[in-house]
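# Coordinate inspection notes
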Amino acid sequence: MNRIKHFIRQSFIGGFLVIAPAVIILLAFRWAVNGVRDLIAPLATPLANASGAPPLLIDILVVFSILFTCFVVGTLVATSAGRLIQNFIDRHLSRFAPGYRMVRDILKQMLGNDSNSPFNRGEVAVVKLYGVDIPTMATAIITSRHDNGWFSVFVPTGPNPTSGFVYHLPPECVQPRPDIKLDTAFKSIIACGAGSAELNITAGVVDLEPS
């Protein structure tokens, strides 16, 4: 009887783990499509009424127009004149929309366009947050190296690696791990530490002692 219960439970969980992610992705896609439709409605509705074209075709044309506009603007801001215009717009938007600069910086970090982004150029490290005498360690991303030898590190929180804490630590508390790729470390963080043993996260911890 216990075997039957175990079989039914495992089958149900296995099926749920296959179906649930697909349903979540479909729901997220539907939410994104509806959001885009709401955003482009002021442009798409007049065009659909004036041309008599199918609404879906108008939606597609408007979306492609927005993407093309993003491409053109991105090309322009890569030039000196474009950067001057961007800085001018940034200064004025920051006055009227205080959260604009914060949102922009977050997007730059997430998309990896910022050369200082820990998601783009960071280096994996194992750190002792509470001093070399305390064995507690954390997976961290080195974001800055100081002239006095200290490090600034970003310690992501699982399962969301885009949030976390910034620490400034002496060199004896930081062990750089160039053998671990950044995306591999983030996968382990997203999995709440699962896979850390395979990465040998704690390898060489005996070296984290003051010289």
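Heads up: the structure comes first, above all this text.
Residues numbered from 1 in each chain as written. Predicted model: local features only at pLDDT ≥ 70, side-chain atom pairs only at ≥ 80, totals over all residues. Heavy atoms only, no water.

## Here we look at a nonpolar patch on the surface
Judged by side-chain polarity, Met 1, Ile 4, Phe 7 and Ile 8 come together as a nonpolar surface patch covering roughly 490 Å² of accessible area. Secondary-structure assignment places Ile 4 in helix H1 (residues 2-51). (Patch = residues over 30% accessible without salt bridge, like charges linked within 9 Å, V, L, I, M, F, W, Y side chains within 5 Å. Areas by Shrake-Rupley, 256 points an atom, 1.4 Å probe, with all protein chains shown as cover. Salt bridge = Lys/Arg side-chain N within 4 Å of Asp/Glu carboxyl O. Helix = DSSP H or I, 4+ residues; strand = E, 2+ residues; numbered from the N terminus.)

## A closer look at unusual backbone geometry
The linkage connecting Gly 158 with the following residue, Pro 159, adopts the cis geometry, with an omega of 5°. Mapped onto the secondary structure, Pro 159 falls in the loop between strand E3 (151-156) and strand E4 (164-169). Even without being a glycine, Cys 192 presents a positive backbone phi close to 55°. Relative to the elements of secondary structure, Cys 192 occurs in the loop between helix H6 (182-190) and helix H7 (196-199).

## Observations concerning the packing of H1 against helix H2 (residues 55-76)
Between H1 and H2, the shortest axis-to-axis distance is 9 Å and the interhelical angle comes to 120°. Accordingly, the angle class assigned to the pair H1 and H2 is oblique. Between H1 and H2 lies a crossing of right-handed hand. Taken together, the residues of H2 that come into contact with H1 (itself represented by Val 36, Arg 37, Ile 40, Leu 43, Ala 44, Leu 47, Ala 48 and Ser 51) are Leu 56, Ile 58, Asp 59, Val 62, Val 63 and Ile 66. (Axes fitted to C-alpha atoms, helices over the stretch in contact; angles between N-to-C directions. Parallel < 35°, antiparallel > 145°, perpendicular 65-115°, else oblique. Left-handed = near helix turned anticlockwise from the far one by under 90°. Contact = heavy atoms within 4.5 Å.)

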